[in-house]
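An overview of the molecular structure
Spelled out, the chains give:
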Amino acid sequence: KYNSFDEIDTISFRDAAIVRCVFSAKQGILEFELDGAMVRENNSANELFSDRYVRDMQVRFVNPEVEAILLEGHKYYDANDVLVETVPDRPVDESRYDEVMKSFEGKVIFFAATPREKSSERKCFQMIIDVEEESYVLSFYYDKVIAQWEHFMNKVMN
């Protein structure tokens, strides 16, 4: 089994499917099971030094603290590229976090990365997940991240 500790910047979750998402604020758990994540060439577990896909990756964030889950807003333009309406991001109520994160299962990650600006001493991570016709932005802090997988799949072709 391969293990990667605190090397989140050497793994790409873009276009990976979320097979399972488990969140419990009380127990300090935020776990994802992903299909199609990409382990970059500079990850310490990648002995071939080329980007490679992974099936069934388990990613566990230790001591997560959800900063926010937002229903992503959008801008509507007419055929002449004139702004018609702006819908701002809307925060999801904390009481719905479990439900919303469960809705991520079976969906694909559109974006996942560490934000550029650091607003805290703790590590931060952000994801955008499309669910039906809506997109959610998940932003959270954590202490450590552990990624595990059984084997590599194909190399990433450029």
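Check the entry above for the structure.
This write-up is about the structure you can find in this document. In this text, all values refer to a predicted model and were calculated from it rather than measured experimentally. (Residues numbered from 1 in each chain as written. Predicted model: local features only at pLDDT ≥ 70, side-chain atom pairs only at ≥ 80, totals over all residues. Heavy atoms only, no water.)

Description of the state of the cysteines
- Summed over the entire model, instances satisfying the criterion amount to zero disulfides.
- There is no disulfide at C21, and the cysteine sulfur nearest it, in C124, is 16 Å away.
- Relative accessible area serves as the criterion here: at 3%, C21 is assigned to the buried category. (Disulfide = S-S within 2.5 Å. Buried < 20%, exposed > 50% of the residue type's maximum accessible area, 1.4 Å probe, protein only.)

Focus on the packing of aromatic side chains
- Going through the model one piece at a time under the given rule, you end up with eleven aromatic pairs.
- Ring geometry for F61 versus F140: centroids 4.8 Å apart, planes at 75 degrees, classification edge-to-face. Highlighted residues: F61 in strand β7 (residues 57-62) and F140 in strand β14 (residues 134-142), separated in sequence by 79 residues.
- Given the relative accessible area of 0%, F140 is considered buried.
- Taken together, the ring pairs in this structure connect F13, F32, F61, F125, F140 and Y142 into an aromatic cluster.
- In this structure, R52 packs its charged tip against the face of F152, placed 3.6 Å from the ring centre. (Phe/Tyr/Trp six-rings, centres within 6.5 Å; stacked < 30°, edge-to-face > 60°. Helix = DSSP H or I, 4+ residues; strand = E, 2+ residues; numbered from the N terminus. Lys NZ or Arg CZ within 6 Å of the ring centre and 35° of its normal.)

Looking at the environment of A16
- Of note, A16 is situated in the loop between β2 (11-12) and β3 (17-24).
- The exposure class of A16 is buried, given its relative accessible area of 0%.
- Measuring from C-alpha to C-alpha, the distance between A16 and V156 comes to 13 Å, with 140 residues separating the pair along the chain.
- Sequence-distant contacts of A16, defined by excluding residues within four places in its chain, comprise L34, D35, G36, A37, K107, V108 and I109. (Contact = heavy atoms within 4.5 Å.)

So, the pairing of strand β4 (residues 29-35)
- In the sheet, β3 pairs with β4 via seven bridges, with the strands oriented antiparallel. Pairing of F23 across the sheet is with L30, part of β4.
- Between β3 and the antiparallel strand that follows it, β4, lie four residues; G28 among them carries a positive phi value of about 70 degrees.
- Of the strand pairs in this sheet, β4 and β7 are connected by six bridges, and their pairing is antiparallel. (Pairing = 2+ DSSP bridges.)

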